[in-house]
Amino acid sequence: MEQKKTVRIRTKQLHVDTGEIIPAVVGCCPQQPLEILPFESEADTVLADNIHVALARCDPHVHARESVVPSRDEFERYRLREASFEQTLAAVHRANAGYNVYRASLAALKGGVWLIGCMGNTPWAPVGLKRWEQTCQLYWHNSLVYTHVWPRMEPGTVPINHQQAKDFGSTFGGSGLSPAERDEMYQEYAGCDVSYHNDQARPDQTLAEFFSHNNGPPEVRFHWYFNEETVLASQRETIALARAHGLRSLLTRHVPTGSAFRMLIAEREQGGLLLPIEVGLDYLYWNRDMVIGHPTGMINYRRPALPSPEEQDGLIEELRRHSDDPSVYIASDHAPHRPEDKAFRNAKPGSPGTRLLELST
Ligand SMILES: [Zn+2]
């Protein structure tokens, strides 16, 4: 880095933007564009045949969904709210059979992504230093790309030095914490960095109640319930918590609408708290009108829900306006599940998470 010298790396597996994998030499020099040279060119480093190189993209929000398998001893020592070893183990094996970090890294390579940031909503979640370290080790070992795991923020745990924690408190299928529990949890994080999920159930009615009296097309009702209001309410509540407890930064994940984006920009003007903004990739492709009558309408749901066409236009406009701001970025929320697992059951969506781009395009 200091000498600004070009390093040439020869690989048989360079992933390029066309989707092809080609043999090449990649020239890297600090502050210069990468060079792609013929495979026969001189090289400083020759990578093994099975090592892949993907250029430049990073995706700080993916769900590899693989879980560490704790021993009985580790379970006793590091358990948090888990009551039964057998039940935890069964949930871990179920999760690991569905998807894993190796497959997530293949998906990343296919998309030209060389660095992924993985979420900790797994059965033996990366909560507390020991469990987080275990999960990092597992992910580093099994992934083909640079991989980070965000430690999970839970009541009763202390922050891990220099690590941004993820708050799943408001997430459907997540911790389901009460406002009082979240408030207590944030107390521990003064001066620290946190990211959060930015929507929550409506205070006046449940999803099932809403479904029982709403007669819109079934594929769009979910997106009407979790609408712009549920996003703004969650952002308002969480930013207030972060300010009250003196956090250093609060990253809003998967911003889905123009108004949610503008609210964060307005909050930045108050100073103090840093407010990075993650825009959800699929909100740029999909709005809620598009799912009506669409063959994949009943699995094209996610949290936060899809925006209205107007709110989608607003989001794209804001993203363009802030395109040179490094604290504004796009992430995929890649979270594959089988179509059966994503289907509705008892007026509730199945496994949450995004597989919109894989399943529906
Ligand atoms: Zn996610």
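Residues numbered from 1 in each chain as written. Predicted model: local features only at pLDDT ≥ 70, side-chain atom pairs only at ≥ 80, totals over all residues.

Enquirer: How should the overall build of the protein chain be read in this particular structure?
Expert: A count of helices and strands for the protein chain gives 12 helices and 14 strands. The C-alpha atoms of the protein chain give 21 Å as radius of gyration, which agrees with the globular expectation for 361 residues (21 Å, within 12%). Judged by the C-alpha coordinates and their principal axes, the protein chain covers about 70 × 50 × 45 Å. Within the protein chain, buried positions represent 40% of all 361 residues. Within the protein chain, contacts between residues at least 6 apart in sequence are counted, and of these 71% link residues at least 24 apart. (Helix = DSSP H or I, 4+ residues; strand = E, 2+ residues; numbered from the N terminus. Rg over C-alpha atoms; globule rule 2.2 N^0.38 Å. Buried ≥ 20, exposed ≤ 12 C-beta atoms within 10 Å, placed from the backbone. Contact = placed C-beta atoms within 7 Å.)

Enquirer: What am I meant to see in the domain arrangement of the protein chain here?
Expert: It is common to report an interface's size as the accessible area lost on association of the parts. Each assigned domain of the protein chain is listed with its residue range as follows: domain 1 (7–54), domain 2 (56–150) and domain 3 (157–328 + 342–356). Look at where the C-alpha atoms of domain 1 and domain 3 centre, and you get two points 38 Å apart. (Domains from an automatic or database assignment.)

Enquirer: How do you make sense of the sheet that holds strand β10 (residues 165–167) when you look at a structure like this?
Expert: Strand pairing in a sheet takes place through backbone hydrogen bonds and is either antiparallel or parallel in direction. In space, the six strands of this open sheet follow the order β9-β10-β11-β12-β13-β14, with parallel pairing throughout. Each having just a single partner strand, β9 (152–153) and β14 (328–331) make up the two edges of the open sheet. Taken together, the two bridges between strand β12 (residues 249–255) and strand β13 (residues 277–280) define a ladder with parallel strand orientation. Across the sheet, the residue bridging to T252 is I277, located in β13. Running over the sheet, helix α8 (residues 228–244) touches β11 (193–196) and β12 and is turned about 165 degrees from β12. (Pairing = 2+ DSSP bridges. Axes fitted to C-alpha atoms, helices over the stretch in contact; angles between N-to-C directions.)

Enquirer: Looking at this model, I keep getting lost on the nonpolar core. Mind explaining?
Expert: Soluble, globular proteins show a tendency: their nonpolar side chains are buried together. In this structure, A104, I116, C118, V194, A242 and L250 are the most contacted members of the largest nonpolar core, which totals 61 residues. If we ignore the near neighbours within four places in the chain, the residues touching A242 are Y186, V194, L247, L250 and L273. (Core = buried A, V, L, I, M, F, W, Y, C linked by C-beta atoms within 7 Å.)

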